[in-house]
Amino acid sequence: MPSPRTSAPSTTTGSDALLYLLFGVLGAVVAFGSVAWLTGNLTNAFVGSGIWAPFRVTDALLHPEVLWPTLNTSRLMVGARVVPGLFTVALVVTAAVLWVRWRAGSKSGLARKADLAPLLDKEIVAKAKSLRPSLGGRESKRGPAR
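1. Quick notes on helix α1 (residues 17-47)
Then, in step 1: With 31 residues, α1 extends 43 Å from end C-alpha to end C-alpha; this agrees with the ideal 45 Å at 1.5 Å per step.
Then, in step 2: Along α1, the residues that are buried comprise F32, G33, V35, A36, W37, T39, G40, N41, T43 and N44.
Then, in step 3: Among the structural elements, α2 (57-62), α3 (64-67) and α4 (73-104) are those in contact with the buried residues of α1.

So this is what it looks like as structure tokens:
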């Protein structure tokens, strides 16, 4: 028999923040490495020898000069470090903003249609009839009972 789900945190410290941070950092590193490989290859295609390097994220992160030996240092730095870094920062900021908005929920302060439904005439009359069936045929300030 499966155990019922609880709202208790799954770690002993009371928060899964460290686990989320670990996955976030790992995701950012993989994204940075992949984008570094892609932009390094694009830089090499446009201003270098034009040969695409094999997909090796760790080499793109740690030793880009091994993947693209014909590129000079400044082009390699821009193509394999600066552009992917800016792109990764933009991805991380976008993900953080979306996560904060998702966690905060709707903060407009306005009532939705579902919130107003119990306050409308039809619902009030139905509730009154259910509480006092003898009111079924009477007129009220809101009009004839339906």
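Don't stop here, the text continues.
2. Observations concerning the environment of P54
Then, in step 1: Secondary-structure assignment places P54 in the loop between α1 and α2.
Then, in step 2: The exposure class assigned to P54 is partly exposed, which follows from its relative accessible area of 43%.
Then, in step 3: The sequence separation of P54 and W37 amounts to 17 residues, and the corresponding C-alpha distance is 8.8 Å.

3. Observations regarding the layout of surface pockets
Then, in step 1: Counted as a void, the largest pocket has a volume near 520 Å³.
Then, in step 2: When contributions to the lining of the largest pocket are tallied by element, the ones reaching two or more residues are α1 and α4.
Then, in step 3: It is α1 that contributes the most residues to the lining of the largest pocket, nine residues altogether.
Then, in step 4: Per-class residue counts for the lining of the largest pocket are 12 nonpolar, four polar and two charged.

What counts and what doesn't
Residues numbered from 1 in each chain as written. Predicted model: local features only at pLDDT ≥ 70, side-chain atom pairs only at ≥ 80, totals over all residues. Heavy atoms only, no water. Helix = DSSP H or I, 4+ residues; strand = E, 2+ residues; numbered from the N terminus. Expected span 1.5 Å × (residues − 1). Buried < 20%, exposed > 50% of the residue type's maximum accessible area, 1.4 Å probe, protein only. Contact = heavy atoms within 4.5 Å. 1 Å grid on protein atoms, 1.4 Å probe; cavity = no way out; pocket = protein on both sides within 12 Å on 5 of 7 lines; lining within 4 Å. Points joined across faces, edges and corners; volume = space filled by probe spheres on them. Nonpolar A, V, L, I, M, F, W, Y, C, P; charged D, E, K, R; others polar.

Read these as geometric descriptors, not functional statements.
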